[in-house]
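Residues per chain are reported as follows:
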Amino acid sequence: MQRERTKGAVRALMLLGALLFTLTGLPVMAQTTTGSVRGSVLDQAGTPVSGATVTARGLTLGMDRTVTTGANGFYNLGGLKPDRYEITVRRIGFGPQGTALTVGVGQTLAHDFRVGAVTTTLESVTIIAAPTGAETMTSEIATNVTREQINALPSADRNFMGLATLAPGVTLQNDRIDGTRKTFSAGAQGPDQVNIFIDGASYKNDILQGGVAGQDASRGNPFPRNAVQEFRILTQNYKAEYQKASSAIITATTRSGGETWEGNIFANILPNEYNLGIGGKFGAIATDSFQRIDRKNNAAFRKPEFSRYQFGLSAGGPVWDRFKFFGAYEGSRQERASRVNIVPPAGFAALDTVNFAQYNGEFESPFRSSLFFGKLTFEHRDNSTFDLSYTNRSEKDVRDFGGLNAFTSATRMNNDVNTAVLKHNYFTGDWVSEGTASFQRYHYNPVPNQPSTVNRFYGFGCCVQIGGNISNQDFTQTRFSIREDLTYSGFQWAGQHVVKGGANIDFLQYDIIKRNSETPRFVYEQNFNAFGTPQRVEFQTGDPNFKDSNQQLGAYIQDDWSPTKRLLLNLGIRWDYESQMLNYDYVTPRAIVDSLTKYPDRLFIPVDANRYFTDGNQRDRFLGAFQPRVGASYALDDASRTTLFAGWGLYYDRNLYDLAIEESFALQHPSYRILFEPPGGDADPNTIPFDPRYLTEGKPALDQLVASQRANTPEVKLIPNDLRPPMSQQFTAGVRHAIGQFVLEAAYTGVRSKNTPTFYFANMNFTCTPRTFACFTERRVPGFSTILLLDDKGKTWYDALAFKADRPYRRTGAIGWGAGLAYTLAERETEGFNDLFSFPNPDDYPRQKRNDETHRIVSNFIADVPYLFGAQFSGLITLGSGGRYDLGDRFAPTGLQAGAGEPERGSFILPDAFAYRMVDLRLRKDFFRLRGQHVGLTADLFNAFNYQNLGCYSNQPDATKADFGVARCVVSDARRLQLGMEYGF
C-alpha cells in the first residue's frame, strides 16, 4: 500500500509539473543568464516619483528595456542580458537623468535617481557613469569573470573553468599538460558536487564523475572560450533558482551578434622548442627538477615530447531585419610521445622467455579537440527576444600508456557533447519571463586502442602491463529540459517585493554498455613460481547493457523583500525530485539473502537486513528535498557603499547513475578472481590448476570455467534502501565596501556536507593489532567472493575566512586597467570516506584533515601600457601554503598522523611562505588598427619563474629516516612559452 501511495504521489507531482508548463503559455527554459537593475526615482525632497519611464539601452547588443515606476517610485529592470547599458529616467515636469552601468550575469545592481522639477519637456539627457556600478546588496558569495578577463588573462589550455579560481575557495583539478580530468571543486567537497549552466542549460554529469558532462577523464574544454561572454562563480548561493549542486556553481552566458559585424581569427603555438633558423633553437618548455636529476643520472634521458596548436575564429553581427548571428570555433591539436621502458629483473628464467624489449620505445599520444558554437538571435518585438544556439564538442585521445605500461594497453578515448538551447525572454509591465527548452547528448566512449585476447600484469617494478586494455565502455546521457522563471516586481506590502518563481522538468535517458574488465588480466607475482605461471586471473563477464529513463522535477519561489531602503531580505525555498535515482524495483536475489543470513559470522561488518535487502517494495522515492534559503543585506549608508550581509541554506545534489546500478552490475556482469594452484603445491579448494589454453584462448576458456561452476563466485554489492542524495548546509556572514571603483569583501563561510557514498568491504579486514597486511583476512561466504556494502555516512566540514578585492577593467582613452585579489584562510575535514571504494570499514577514515590547505591567494591584473609601444600586460598569480599530507599509515606501529606533514615552502615576496607558487604572464601588442581591423601578437609565459611545486611526499613517520618528508614529484608544469597571433575586425 505504501508503495502504491508513493507512486500515486509521484504521478500527481509529474502531472502538476506538466500542467504548470502548459498554463504558462510561453516558451520555457533553464537557469538565470541575465541581470537586473533596480532602485527608486525620487524628487529633490526625497518624495517618490510615480509614473516615471526608466529605459535601459544596451550599447553593444542594441536591446532596449523600459519600465514605469510604481506609486512608491520603485523600478526593476529585469531580464537584462550582460552588457554596458545607458539607463535614463524621464517624467513630465522633471528633468531627465541618465547613468551608465555594466550589468553582469546574475548580478542585481542598485541605482537611485534624484530628479528636479523643470518647465520644459525638451531638455536633453546627460549620461553620467555610476560612481561604482558594483553589486553590493547581495547575500551571495559570488565572483563575476568579465569578457575582458576572459580575453586578456593568460590561459594555458583556454579552458574558461580555469578562471574559476578567481573566486575564494575554488581550486582546479588536474590542471596540467597531462591532466585527464580537468574540472573544479570548492571547499572540502569534491568535483562531483558542482554544476555548470551555460545559457541556462545544465551541464550536470548524471552518470559519471567530474560534476560536468564531458569532463570525466578528459583533457579538453567544455565550451569554446571565444564564445563565452562572461560567467559567474557562486560558492555560497542563497537564492533558490539553482539545482543539482551542493557545492559551487558556474553560470555562464554566451556571446550574441551585435549591431555591427565583428570577429577575430587566432592561433597559438606551444612546441617543444622554437627554431630561430641558422641553427638557433631555444626550448619552449623547461624541465622540472626531477627531469634534471634524471638527465644527470641517465645518459639516455630525453625530454618528454609535447606540442600544442590552438586555433579558432568567431564572428557576429546582424544578418537580416531583426535577426543577429554569432558563431565560434576552437580547435586544439596536441602531440605527445610517451616512452615505454620495461626492464625485467635478472635471475628469473621465466621472464627471459618474454620479449619485453619489443614493447619498449617512444610512442605517439595524440589529442584532438573541436568545439563549435552557433547562435541566432531574433528580436521578435521590443519586449520579446528568442535565442537559438547549438554547441558541438568532439574529442579523441590516445593515452594510458608509458613507463611500465606498453602501448598495446593504451586507451582510445572518444568524448562528445552536443547541446541545443532555445531561449525566450519576455517582459511586460511588472512581469519578466525567462524560459528555455534545451536538449543535450553526452557520449563517453573509452575503448582499447589495440584490442587483444588477454592482458598480462607483472608484479615487478610495480605494475608492468602488456597486452590490450581490459575495458570497453559506451555511456550515453540524453537530456531534454524545459523551464520557466517568472519575476513580478509590482507587489508592495511593508516595503517593496520582487517575487520570482519557476519550475523545471528534465527528461533523461541513460544508455550504458559497460564491458569492464572483459579482457582477462593474468597477474604474475615473484613469490608465485618465480613469474613462471600466473598467480591469478581477474575478469568480468555477462550482460553489460543497462538502460533507464529518469525524470527530474524542480520548483522554487523566492522573494527579494526590501522592508526599508537599506535592508534587503532574500527569502526562498526550492524542492527537487527525481523518479529514478535508484533501482527502486530491484529485488535482492534469494541466494544472496540466504547466504548472508546463514553465515553472519563470516562478515566483519554486519548486514542490516531491513536496510540492505529488498523484495521490490522497500525503496520509496525521496520526496524530502526541500531546501530553504535565507539571505539578508543591510546598507550602512544611503548609497549602499558599505553593507553587512549573511545567509543560510540547504542544498541537495544527486547520486551518480553509475553508482546506482552497481548492485545490478555486480550480478549481471560479475567480477571473477580465479586463483591458480602453484606447480606441485598442496590442493586448495579455492584454487584450480593453470591451463595454458586460458592464455591462448582468453575469455572463452574462462567463461567455460564459470559455466562449469569451477569458478562461479561472483562479487556482491549491496545498496541501502534508504540511500539519500548528497546534501550540504551553507552559512555566511560578512561585510562589503565600495571605495572608488574597488569593491572589498570580507566574509566567514561555512559548509557542512553529508550523505557522501562509499563502499566498504564487509568480509575483509585486519585481524591483528597493530594491523598489518600480513593479517589481512578475507572470509569467504559460500557462493560469493567480495561482499561490498554501500554507505552514505561520508561527511565534510569547511570553515573559511575569505577576503576579496576587485576593480573591473576600465579603459579611458589609451589607458585601461583592472585588478583583483582573492585570499582564503580555510580548514577542511572529512569523515567516513576516501573515494567510491574505501578501505575495509568506516573506522579507517575518522574525522580528519584532508586536502587541507590553510592559505590560498589568487590575484589577477590587466594593464594597458601606452609607454611600452601600446602593449597590454596581464597576469595571474596563484600562491598557496600547500596541502598538508599524512605521516605514517593505519598499519604502522605509529598509526596514522593525519595532516601532520608540512610541504616544503619557498619565497615569493614573503620569505618561505608558500609551498605552491605559480606566476603566469601575458604580453599583447596590436601592431596596427585600420578601419576597425587590427593584428595582434601575444606571448604567454606560464610558470614564469619555473617554480618547482613539490608533491607526492613520503609518509615516512620517522624524522630520523632519510626519506622523511621527501617529495617524489612536482604537481605543476615547468615554465612554458606560448606565442600567438590574432586578426580582428
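Note that the coordinates shown come from a computational prediction; the quantities given were computed from them, not determined experimentally.

### Focus: the confidence of the model for the protein
Piece 1. Mean pLDDT over the protein stands at 89; residues scoring 70 or higher make up 94%.
Piece 2. In the model of the protein, helix 1 (residues 2–24) stands out as the element of lowest mean pLDDT, 43, in contrast to strand 36 (residues 642–652), which has the highest, 97.
Piece 3. Per-residue pLDDT stays below 50 along residues 8–31; that stretch engages in 56 contacts with residues further than four places along the chain or on separate chains.

### Quick look at the nonpolar core
Piece 1. Ranked by size, the top nonpolar core spans 35 residues in total, and within it Phe160, Ile196, Phe231 and Ile250 carry the most contacts.
Piece 2. Element by element, the count of residues in this core is highest for strand 15 (residues 228–236), at three residues.
Piece 3. If we skip the residues at most four places from it in the chain, Ile250 touches Phe160, Met161, Ala164, Phe184, Asn195, Ile196, Phe197, Phe231, Arg232 and Ile233.
Piece 4. Membership of the second largest hydrophobic core comes to 32 residues, among which are Tyr359, Ala410, Tyr672 and Leu702.

### Brief notes about the pattern of salt bridges
Piece 1. For the structure shown, the criterion picks out 64 salt bridges.
Piece 2. The salt bridge partner of Arg255 is Glu262, with a shortest N-O separation of 3.9 Å.
Piece 3. Among the residues examined, Arg255 registers a relative accessible area of 13% and is labelled buried.
Piece 4. Of the residues examined, Glu262 reaches a relative accessible area of 41% and is grouped as partly exposed.
Piece 5. When the shortest N-O distance is used, the salt bridge between Asp638 and Arg566 registers 3.1 Å. Of the two residues, Asp638 sits in the loop between strand 35 (625–635) and strand 36 while Arg566 sits in the loop between strand 33 (545–562) and strand 34 (567–578), which places them 72 residues apart along the sequence.
Piece 6. In the salt-bridge network here, residues are joined through shared partners; they are Asp178, Arg219, Arg336, Asp397, Arg399 and Asp400.

### A closer look at the packing of aromatic side chains
Piece 1. Going through the model one piece at a time under the given rule, you end up with 42 aromatic pairs.
Piece 2. Look at Trp575 and Phe626: their rings are 6.2 Å apart centre to centre, the planes differ by 35°, and that puts the pair in the tilted class. Taken together, the positions of Trp575 in strand 34 and Phe626 in strand 35 put the pair 51 residues apart, joining distant regions of the chain.
Piece 3. On the accessibility criterion, Phe626 (47% relative accessible area) is partly exposed.
Piece 4. Chaining the aromatic ring pairs together yields one cluster made of Phe348, Phe356, Tyr458, Phe460, Tyr524 and Phe531.
Piece 5. The ring of Phe645 has Arg736 sitting right over it, with the charged end atom 4.0 Å from the ring centre.

Conventions we followed
- Residues numbered from 1 in each chain as written.
- Predicted model: local features only at pLDDT ≥ 70, side-chain atom pairs only at ≥ 80, totals over all residues.
- Heavy atoms only, no water.
- pLDDT = per-residue confidence, 0-100.
- Helix = DSSP H or I, 4+ residues; strand = E, 2+ residues; numbered from the N terminus.
- Contact = heavy atoms within 4.5 Å.
- Core = buried A, V, L, I, M, F, W, Y, C linked by side-chain atoms within 4.5 Å.
- Buried < 20%, exposed > 50% of the residue type's maximum accessible area, 1.4 Å probe, protein only.
- Salt bridge = Lys/Arg side-chain N within 4 Å of Asp/Glu carboxyl O.
- Phe/Tyr/Trp six-rings, centres within 6.5 Å; stacked < 30°, edge-to-face > 60°.
- Lys NZ or Arg CZ within 6 Å of the ring centre and 35° of its normal.

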